[in-house]
Amino acid sequence: MTEYDYWKIFPRMPRKVTIGDITIRDGFQHLERFISTRAKIFYLEELIFAGCRNIEVTNLGNPFLMPQFSDAEELLKHLRSQRFKDRCARKGINYDDLVLTAITIREPAVDRAIRLKEEGIGPDRVLMMVSTEEEHHFANSGCTLPEYWEESERCTKKCRDAGIKMCGTVSTIWGSPIGGATRLEDAVEFTKRWLEIGADDIEHADHDGSASAPEVYRYFSMILDEIPDTRLHIAHFHETKRVASASVLAALQAGICHFEATMGGLGGQPANFLDDCPVPGTGEYYYNDPRYVGLICLEDLLVQIDEMGIAHGYDVDRILWLGRQLERTAGHRLRSEAIINGRTLKEGHPRFARPGLAKRKAKRGERPDQNLPDGWGAAAVLPEHLRR
């Protein structure tokens, strides 16, 4: 007989996951309008109050290139304030459980993070990124791969000395929007290189939605065979073809228990236009339509995980409400389906029932719970040619 227990079929699949939110950084960096500091603080707070404990706050790179993050220090200062800590305490949140991350693609940003740490408002964790495909890597960093690895090694040591964790990102695992097909084996090797130079965890990124479920399962199985500590691994999927939920499922089946998402599926390459003015960003966009390059939706991911019976720590209904507010902030329809259709309700939607069913059953002499005609057998009998 077929095994019906999902966890017996996939014994590595977790019963509990961590879902980090990166809306304020990855999500907002792609918008071509400035999101006010007040709005950013609102969403940072609300996400934390709704259950998020791992959150990307900002990007500490040059604000001339990415002016969306010109308020980076204000956001960190707010989250380090006694007022915010007191609010967390009143809501039963252990402030020490929060992990505040800032993106630091280049060394000057890492140095800035360390300075802010010394001032008492710095991040707990920073992130640097390599791509296995060098053209993509160059487009994002301006460096060759050997050059960047040397810089990353220096920065990782600086961060360790300063008490800041380093996340090493590996990108273009399943393909590059510039260079095309890539090798999974290269990404496994780059993962080990990050850990060799001292990274604390690894973000495994599909930055253009190239991944397919079988290749996701294969890759993370390869990773966990080589580096079995699941605490080291974070899955980061972009949604460009409406298949990222399948990638999430494949990663779960392989044993991954830490994911990242954005509300509304926002995100993508840093904007090269903000409000009424062109800005550098990271240059020309390398996609055809900016509406279809974001991440997996936090709202939809939570509903998916929740309905699988996997623990996650979020107040799902609060996140769905928050996602509806974000559409008003962004000024347009985003990509979450769950904020419209909600969760699958066990009690159904009685308001959609058509009148007259009970009366018709009574008229026919049927019991209220009767589903089959009188005289039919208690169980169906398959025709002989369809039986095993």
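In this text the structure is predicted, and so the values were computed from the model without any measurement.

In terms of nonpolar packing, the biggest core is built from 103 residues, with Trp194, Phe220, Phe237 and Phe259 touching the most fellow members. Per-element accounting of this core gives the leading share, seven residues, to helix α3 (residues 37–49).

Moving on, we get to the layout of surface pockets. Taken as a whole, the largest pocket encloses approximately 760 Å³ of empty space. Forming the boundary of the largest pocket are 40 residues, of which Gln29, Asn140, Gln269, Pro270 and Thr282 lie nearest the centre. Of all the elements in the fold, those that place two or more residues in the lining of the largest pocket are α2 (23–29), α6 (107–118), β4 (125–131) and α7 (134–141). No other element matches the four residues that α7 contributes to the lining of the largest pocket. Residues belonging to the lining of the largest pocket are distributed by class as follows: 16 nonpolar, 18 polar and six charged.

Moving on, we get to α3. Taking 1.5 Å per residue, 13 residues should reach 18 Å; α3 reaches 18 Å between its end C-alpha atoms and fits that length. For α3, the tally of buried residues reaches 11 of 13 residues, placing the bulk of the element in the interior. Residues Thr37, Ala39, Lys40, Ile41, Tyr43, Leu44, Glu45, Glu46, Leu47, Ile48 and Phe49 constitute the buried set of α3. Positioned one or two residues after α3, Gly51 has a phi angle of 125 degrees, which is positive.

This part covers the packing of helix α9 (residues 184–196) against helix α10 (residues 213–226). Two elements in contact, α9 and α10, have axes whose closest approach is 10 Å; the angle formed by their N-to-C orientations is 35 degrees. Taken as a pair, α9 and α10 cross one another with a handedness that is right-handed. Contacts between α9 and α10 involve Leu184, Glu185, Ala187, Val188, Thr191 and Lys192 on the former and, on the latter, Glu215, Arg218, Tyr219, Met222, Ile223 and Glu226. Its residues placed into classes, the contact of α9 with α10 shows six nonpolar, one polar and five charged.

Assignment of secondary structure puts Ser221 in helix α10. Overall, Ser221 belongs to the buried group, its relative accessible area being 14%. When neighbours within four sequence positions are excluded, Ser221 is seen to be in contact with Arg12 and Ala254.

The subject of this paragraph is empty space enclosed by the protein. Counted according to the given criterion, the structure contains one cavity of 30 Å³ or more. If you add up the space inside the largest cavity, you get close to 60 Å³. In terms of lining, the largest cavity is formed by Gln29, Leu31, Met66, Pro67, Gln68, Phe69, Pro270, Ala271, Phe273, Leu274 and Val279. Of the residues belonging to the lining of the largest cavity, the class tally is nine nonpolar, two polar and no charged.

Applying the stated criterion across every chain, the model contains 32 salt bridges. Between Arg25 and Asp26 there is a salt bridge; the shortest N-O distance is 3.3 Å. A relative accessible area of 3% places Asp26 in the buried class. Its salt-bridge partner being Lys40, residue Asp71 comes within 3.1 Å of it at the nearest N-O pair. Separated by 31 residues along the polypeptide, Asp71 in the loop between β2 (54–59) and α4 (72–79) and Lys40 in helix α3 bring together distant segments of the chain. One network of salt bridges, with partners in common, ties together Arg183, Glu185, Asp186, Glu215 and Arg218.

Between α4 and α6, the least distance of the axes is 12 Å, while the angle of their chain directions is 35 degrees. The hand of the α4/α6 crossing is right-handed. For the pair α4 and α6, the contacting residues are Ala72, Glu73 and Leu76 in the first and Arg112, Arg115 and Leu116 in the second. Residue composition of the contact of α4 with α6, grouped by class: three nonpolar, no polar and three charged.

In this section: the pairing of strand β7 (residues 233–237). Judged by how many residues are buried, β7 sits mostly within the fold: five of five residues are covered. Residues His233, Ala235 and Phe237 line one face of β7 and the alternating positions Ile234 and His236 line the opposite face, and both faces are buried. Two strands pair when backbone bridges link them, and strand β6 (residues 201–206) and β7 are joined in this way by five bridges, in the parallel orientation. The residue of β7 that forms the bridge with Glu203 is Ile234. Crossover β6 to β7 through α10 is right-handed. Viewed along the sheet, the connection from β7 through helix α11 (residues 244–254) into strand β8 (residues 258–261) turns out right-handed.

Thresholds, definitions, all that
Residues numbered from 1 in each chain as written. Predicted model: local features only at pLDDT ≥ 70, side-chain atom pairs only at ≥ 80, totals over all residues. Heavy atoms only, no water. Core = buried A, V, L, I, M, F, W, Y, C linked by side-chain atoms within 4.5 Å. Buried < 20%, exposed > 50% of the residue type's maximum accessible area, 1.4 Å probe, protein only. Helix = DSSP H or I, 4+ residues; strand = E, 2+ residues; numbered from the N terminus. 1 Å grid on protein atoms, 1.4 Å probe; cavity = no way out; pocket = protein on both sides within 12 Å on 5 of 7 lines; lining within 4 Å. Points joined across faces, edges and corners; volume = space filled by probe spheres on them. Nonpolar A, V, L, I, M, F, W, Y, C, P; charged D, E, K, R; others polar. Expected span 1.5 Å × (residues − 1). Axes fitted to C-alpha atoms, helices over the stretch in contact; angles between N-to-C directions. Left-handed = near helix turned anticlockwise from the far one by under 90°. Contact = heavy atoms within 4.5 Å. Salt bridge = Lys/Arg side-chain N within 4 Å of Asp/Glu carboxyl O. Pairing = 2+ DSSP bridges. Right-handed = clockwise from strand over helix to strand, strands pointing away.

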